Amino acid sequence: MRITCPLCGERDRREFTYRGAALDAPAADDGAEAWHSHVHLRQNPAGPLEEWWHHQQGCGSWIRVRRDTVSHVMLASALAKPEDADGGSA
Amino acid sequence: MSVKGAQTQSAPLRSWDWKAWRIAVRLNGTIRPAGTDALGVVMRFSGWRVLREGLSGNRGWGPHWRDPDPKAEYDAVIIGGGGHGLATAYYLAKDHGMTNIAVLERGYLGGGNVGRNTTIVRANYYLPGNSEFYSHSLKLWEGLEQDLNYNAMMSQRGILNVFHNDAQRDAAVRRANAIINQGDDAEILTRAQLRDMVPQLNYDGNRFPIQGALLQRRAGTARHDAVAWGFARAADLRGVDLIQNCEVTGIRTEGGRVTGVETGRGTIRAKTVAMAAAGRSSQVAALAGLTLPIESYVLQAFVTEGLKPIIDHVITFAEGHLYISQSDKGGLVFGSYLDLYASYAARGNLPMVEHTMEACMAMMPAIGKAKLLRGWGGIMDMTPDGSPIIDRTPIEGLYLNAGWCYGGFKATPASGQCYAHLIATGRPHDAAAGFRLDRFETGRGLMDEEATGAQHNLH
Ligand SMILES: Cc1cc2nc3c(=O)[nH]c(=O)nc-3n(C[C@H](O)[C@H](O)[C@H](O)COP(=O)(O)OP(=O)(O)OC[C@H]3O[C@@H](n4cnc5c(N)ncnc54)[C@H](O)[C@@H]3O)c2cc1C
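Residues numbered from 1 in each chain as written. Chains lettered and ligands numbered in written order. Predicted model: local features only at pLDDT ≥ 70, side-chain atom pairs only at ≥ 80, totals over all residues. Heavy atoms only, no water.

Chemist: Explain the pairing of strand β20 (residues 398-402) of chain B to me, and be specific about the residues and the numbers.
Modeler: Residues and elements named next belong to chain B. Judged by how many residues are buried, β20 sits mostly within the fold: five of five residues are covered. Of the two faces of β20, both are covered, the one formed by L398, L400 and A402 as well as the one formed by Y399 and N401. Where strand β12 (residues 272-275) and β20 come together, three bridges link them in parallel fashion. Across the sheet, A274 pairs through a bridge with Y399, a residue of β20. With four bridges joining them, strand β19 (residues 389-392) and β20 adopt antiparallel strand pairing. Pairing of I389 across the sheet is with A402, part of β20. Count of turn residues in the β19/β20 antiparallel hairpin: five residues, of which G397 carries a positive phi of about 90°. (Buried < 20%, exposed > 50% of the residue type's maximum accessible area, 1.4 Å probe, protein only. Helix = DSSP H or I, 4+ residues; strand = E, 2+ residues; numbered from the N terminus. Pairing = 2+ DSSP bridges.)

Below you can see the structure in the form of structure tokens.
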């Protein structure tokens, strides 16, 4: 599996660390149910999934990837935006 | 669908066999029901029978189970004909007398993870919740072949969890004490004792020297396909309909109660619907509008060409998570970590292949001489704490058995028995009372054996 980094192009999967599904984090005071859902519950699709990868052994970027979990085909890839940091940092 | 080859198992004839025979005749109505021989006698496996068949050209073996069409209604349907679904059906029939039930399998019986795993059976978990459950399961394994009258090639060859340093030894001792407290066997072997038993390991590797091992003698392996077939045959003999090529595409509910399922072979009504779909749990639960605390990942396994006996036990290597055993055909069967990203591809990627081979070379360099024959992958239903769920759902009559991660094969008999107990009595079985769905929400009773934290992508 090769992952497309918007800065470095298509690179070996070994260069990346997986963070998991890209989800919008609830606000701090949104309550236990919202946080339970955010931390634990997953759509877990067999098909396209939005997820975070970290190009740890490359340029160091956080990348939002759209990947088909059945075929492993990369459908889209974009650099994380500053506002993603709330929900996406490891 | 029939199983080739004779299975040897001798056991005294018991009364239920005759009952099963009558059920088989009644349900099938043909001259030769599945599971019976040419004379209509229940096809019990025994040494005597193997001999007789051997002398008569093996013409007397019939199919091991019927291939019925689905009925319009059952008392209960089970979604998923893997090890857990089939075991659940068997124990519903055996322990609770529920025989008007069906197992609905979208492919063929045993085509999922039950036929893809590395077949390790053990009871060396240590957190409350898991501990009593796997202890119970190992006891069921010990009587399973007699119970099912099926040779599952259960082999209690012992498991050796090798450790490399003081911290790992401390953890092994703690685990061993917990295992002994749960009533099972555990021994700590010194480096010299281990070397005596398994001389062929790389004891003085620079990075991962071997300092000893945790041994559980009652652990071992079982033939995975035969476990599925044995449960299938035994359930079928008790009247359970096993329906293959029957994908569940919808779950019907009415006023918060389950009323049946939609399938590729029509609508089936049932007031009790039990999910046991392993890697596909999220998709099946979504049919009822439920979102589960599960992510699906791929786990790979590998097998070499057949070799002379060289590994007598199951051996695990602490660094790199390698586990290895030798099958009765001689192939070395092994695997290590998950491919650590969400996946429904029943195949993995090369980095984990490479890692696994490196771990083999670190533990036992001689393995490098063996030729790798095959590698494959299976879809693992991973929960945040790495432990399973056997529970009710918010929908009345709909039950959930999921989240077995990479360790559900050893659980097969107990999972089936405990799930059947919950379904039939409405109360959790004592051995599985910790497998609650709400533990993630409440934070109570989490079972994070690896102590990495109860979050996804950490196990
Ligand atoms: C490579 C590998 C190695 C492993 N090694 C071990 C080990 O050494 N020890 C151990 O204890 N465990 C091990 N496991 C884990 C173990 O195999 C699983 O946890 C266990 O088999 C899961 O339960 P099951 O047998 O019921 O699953 P499965 O056999 O996968 O059964 C689920 C069934 O549900 C069916 N299904 C799915 N969706 C639908 C639908 N909509 N309608 C109808 N049917 C449906 C599937 O087709 C499948 O047959 C391993 C797994 C893998 C992949």
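Don't stop here, the text continues.
Chemist: Quick rundown of the interface of chain A and chain B? Include the residues and the values.
Modeler: Taken together, the 24 residues of chain A in the interface contact 28 residues of chain B. With both chains or domains summed, chain A and chain B bury close to 2100 Å², and 50% of this area falls on carbon and sulfur atoms. One can count two salt bridges joining chain A with chain B. The shortest N-O distance in the salt bridge between R42(A) and E295(B) comes to 2.9 Å. Our count for the chain A to chain B interface comes out at 16 residue pairs in polar contact (both at pLDDT 80 or more). Of all the secondary structure elements, the ones that give two or more residues to the side of chain A that touches chain B are β3 (17-21), α1 (32-39) and β4 (48-54) of chain A. Among the residues forming the side of chain A that touches chain B, the class breakdown is 10 nonpolar, eight polar and six charged. (Contact = heavy atoms within 4.5 Å. Buried area = accessible area lost by both parts, 1.4 Å probe. Salt bridge = Lys/Arg side-chain N within 4 Å of Asp/Glu carboxyl O. Polar contact = N/O pair within 3.5 Å; in protein donor to acceptor, adjacent residues only side chain to side chain. Nonpolar A, V, L, I, M, F, W, Y, C, P; charged D, E, K, R; others polar.)

Chemist: Break down the site of the ligand for me, citing the residues and quoting the values.
Modeler: All names here are of chain B. Surveying the vicinity of the ligand reveals 37 residues, the closest of which are E105, N113, V114, T118 and K410. Here an oxygen atom of the ligand sits 2.8 Å away from a polar atom, N or O, in the side chain of T118. Contact distances for the ligand include 3.2 Å between an oxygen atom and a backbone N or O atom of G407. When isolated, the ligand has an accessible area of 1000 Å², and the protein chains bury 96% of it. Where the shell around the ligand is concerned, the elements lending two or more residues are α3 (83-96), β13 (295-306) and β18 (372-382). Broken down by element, the shell around the ligand gets its largest block of residues, three residues, from β13. Among the residues forming the shell around the ligand, the class breakdown is 17 nonpolar, 14 polar and six charged. (Near = heavy atom within 4 Å. Areas by Shrake-Rupley, 256 points an atom, 1.4 Å probe, with all protein chains shown as cover.)

Chemist: I'd like a description of unusual backbone geometry, backed by residues and values.
Modeler: A negative phi angle is the norm for most residues apart from glycine, just as the trans form is the norm for most peptide bonds. Residues and elements named next belong to chain B. In this model, M153 sits at a positive phi of 50°, which is unusual for a non-glycine residue. Of note, M153 is situated in the loop between α4 (130-148) and β4 (159-163). Even without being a glycine, N457 presents a positive backbone phi close to 70°. Along the chain, N457 falls in the segment after α11 (439-442).

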